[in-house]
Amino acid sequence: MPSSAAQFISIANQYATVGFQAAQALNTQQQSLALDQVLSQSRLQTTDGTSASLTAIEQLRTLIGVHQAAFEKIVVSASSELLSAVAEVPESLRSEYKTGLLHSVNWQLSAQSAFYEGRLRWADAATRLCDLVESRRAELVFSEHGVEFQSNDDIEEFNALLTTIEEVHQLEVAALQERATKFAASTAILSAVQRT
């Protein structure tokens, strides 16, 4: 394999790893916010707990903004470095490498953009749910069956928000599995090509 092709593959492998590690770091940072507790009955039962949940949601929004900016920088840097490396690849491979690069970058951008949109959709629904609970606190009953509202409209809104939250969760789980699978496949292909 020409050294220029090996260089391209090495750079692609490096950025694939950095992108995957950035996604894992975001996941770890989200876990530190205890988002699984944000909508728990124990939190929502009190004004202080609901306030703590709203604070965690705002911290999530900030975290998403920071990671989104960092991801965009990684993509710009990777694209620039990879396009420079493609220019050094033998003419016979250049078109194939450019096509693969464009496909990969577009897929990564699309997947990451969908992730950020989903997280913000979750944050909006969770905020609305907390606000609904807080605004109806005087008339709510917290029981072993969950939160009980007096108004049917409130029940419908609460259930619709929970449905949105669950939809976002299911989409994120599926997307994370797809990314992990693609990362493993890309790494295996790049490693196999490097050995030839």
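Residues numbered from 1 in each chain as written. Predicted model: local features only at pLDDT ≥ 70, side-chain atom pairs only at ≥ 80, totals over all residues. Heavy atoms only, no water.

Asks: Any chance you could break down the overall build of the chain for me, citing the residues and the numbers?
Replies: On a plain count of helices and strands, the chain comes out with six helices and two strands. Walking the chain from its N terminus toward its C terminus, one meets helices and strands in the order α-α-α-α-α-β-β-α. Computed over C-alpha atoms, the radius of gyration of the chain comes to 22 Å, more than 25% over the 16 Å expected from 2.2 N^0.38 for 196 residues, which places it beyond the range of a compact globule. With the C-alpha coordinates aligned to their principal axes, the bounding extent of the chain is approximately 75 × 25 × 25 Å. Partitioning the contacts of the chain with sequence separation of at least 6, the portion at a separation of at least 24 is 77%. Accessible surface computed for the chain: about 11,200 Å², of which carbon and sulfur atoms make up 54%. The chain carries 13 positive and 23 negative side-chain charges, and their two centres are separated by 9 Å. (Helix = DSSP H or I, 4+ residues; strand = E, 2+ residues; numbered from the N terminus. Rg over C-alpha atoms; globule rule 2.2 N^0.38 Å. Contact = heavy atoms within 4.5 Å. Areas by Shrake-Rupley, 256 points an atom, 1.4 Å probe, with all protein chains shown as cover. Lys, Arg positive; Asp, Glu negative; His and termini not counted. Charge placed at Lys NZ, Arg CZ, Asp CG, Glu CD.)

Asks: An account of the packing of aromatic side chains is requested, with residue identities and associated values reported.
Replies: This structure, assessed with the given rule, holds two aromatic pairs. Residues Phe 149 and Phe 158 carry aromatic rings whose centres are separated by 5.1 Å and whose planes lie at 50° to one another, so their mutual orientation is tilted. In this pair, the class of Phe 149 matches that of Phe 158, namely buried. One cation-aromatic arrangement involves Arg 119 over Trp 122; the distance from NZ or CZ to the ring centre is 5.0 Å. (Phe/Tyr/Trp six-rings, centres within 6.5 Å; stacked < 30°, edge-to-face > 60°. Buried < 20%, exposed > 50% of the residue type's maximum accessible area, 1.4 Å probe, protein only. Lys NZ or Arg CZ within 6 Å of the ring centre and 35° of its normal.)

Asks: Lay out the packing of helix α4 (residues 47–88) against helix α5 (residues 91–135) in plain terms, naming residues and giving numbers.
Replies: Between two packed helices, both the angle of their axes relative to each other and the distance between the axes serve to describe the pair. Relative to each other, α4 and α5 sit at 170°, their axes nearing to 10 Å. In terms of their interaxial angle, α4 and α5 are classed as roughly antiparallel. (Axes fitted to C-alpha atoms, helices over the stretch in contact; angles between N-to-C directions. Parallel < 35°, antiparallel > 145°, perpendicular 65-115°, else oblique.)

Asks: Give a detailed account of the pattern of salt bridges, specifying residues and quantitative values.
Replies: Tallying each qualifying case throughout the model produces six salt bridges. Close ionic contact of Glu 58 with Arg 61 constitutes a salt bridge, the shortest N to O distance being 2.4 Å. You can see Glu 58 and its partner Arg 61 sitting in helix α4, three residues apart, about one turn around the helix. The salt bridge involving Asp 154 is made with Arg 136; its shortest N-O contact spans 2.7 Å. Separated by 18 residues along the polypeptide, Asp 154 in helix α6 (residues 152–195) and Arg 136 in the loop between α5 and β1 (141–143) bring together distant segments of the chain. Several salt bridges converge on common partners, so that one network encompasses Glu 58, Arg 61 and Asp 124. (Salt bridge = Lys/Arg side-chain N within 4 Å of Asp/Glu carboxyl O.)

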